[in-house]
Amino acid sequence: GFNPVTVIVLDQSGSPIVSKRMDGCSPVGVTDFAMAKAYSCIVNKYPSRAFRDRYTAEPNQAAKFCQMTAMVDISQGKMAPFPGGILLTTADGQIVGAVGVSGAAGDEDEYC
């Protein structure tokens, strides 16, 4: 099984709708990570895993990596370039919000 997780749902403007933390999930840090993953989706309009992959997939691309870390810094840590954030859209592609999950491994967070 997975470690306990925290789940945060944001609306299309990046405002929290609901946040739930499983029993045993750390109350320190994990909630912020889940929020940052979801917020990254709202800002970029794609999953948080894609945020990471877009700037790290090609070897020897230090400039892209620097751009990604600068985006996180400029957002004052509100964005996170790792798996666990998923964009929520309607059937016709309209963005309605995002979900961020944290507490387990990144792939497990995304699976949840």
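Residues numbered from 1 in each chain as written. Predicted model: local features only at pLDDT ≥ 70, side-chain atom pairs only at ≥ 80, totals over all residues. Heavy atoms only, no water.

With respect to helix α2 (residues 48–56)
Under the convention used in this document: Exposure is judged per residue with a 1.4 Å probe applied to protein chains only, and the accessible area is read against the type maximum: over 50% gives exposed, under 20% gives buried, and values in between give partly exposed. Secondary structure elements are defined from DSSP: runs of H or I of at least 4 residues count as helices, runs of E of at least 2 residues count as strands, and each element is numbered from the N terminus. The arc in question is the one spanned by the directions pointing from the helix axis to the C-beta atoms. Contacts between residues were defined by any pair of non-hydrogen atoms, one from each residue, lying within 4.5 Å.
Every buried residue belonging to α2 is among S48, F51 and Y55, and all of these are buried. What you see down the axis of α2 is that its buried residues fit within an arc of 45°, all on one side. Lining the buried residues of α2 we find α1 (30–44), α3 (62–74) and β3 (85–89).

Side note on unusual backbone geometry
Of note in the backbone geometry, K45 takes a positive phi value of approximately 70° without being a glycine. Mapping K45 onto the fold places it in the loop between α1 and α2. Judged by relative accessible area, K45 falls into the exposed class, the value being 55%. Phi at Q76 is positive, roughly 60°, even though this residue is not glycine. Locating Q76 in the fold gives a position in the loop between α3 and β3.

Structural notes on the confidence of the model for the protein chain
Keep this limit in mind: For every residue, the predictor reports its confidence as pLDDT, a number between 0 and 100.
When pLDDT is averaged along the protein chain, the result is 94; 100% of the residues meet or exceed 70. Averaged pLDDT values over the elements of the protein chain bottom out at 86 in helix α4 (residues 106–111) and peak at 98 in strand β1 (residues 6–11).

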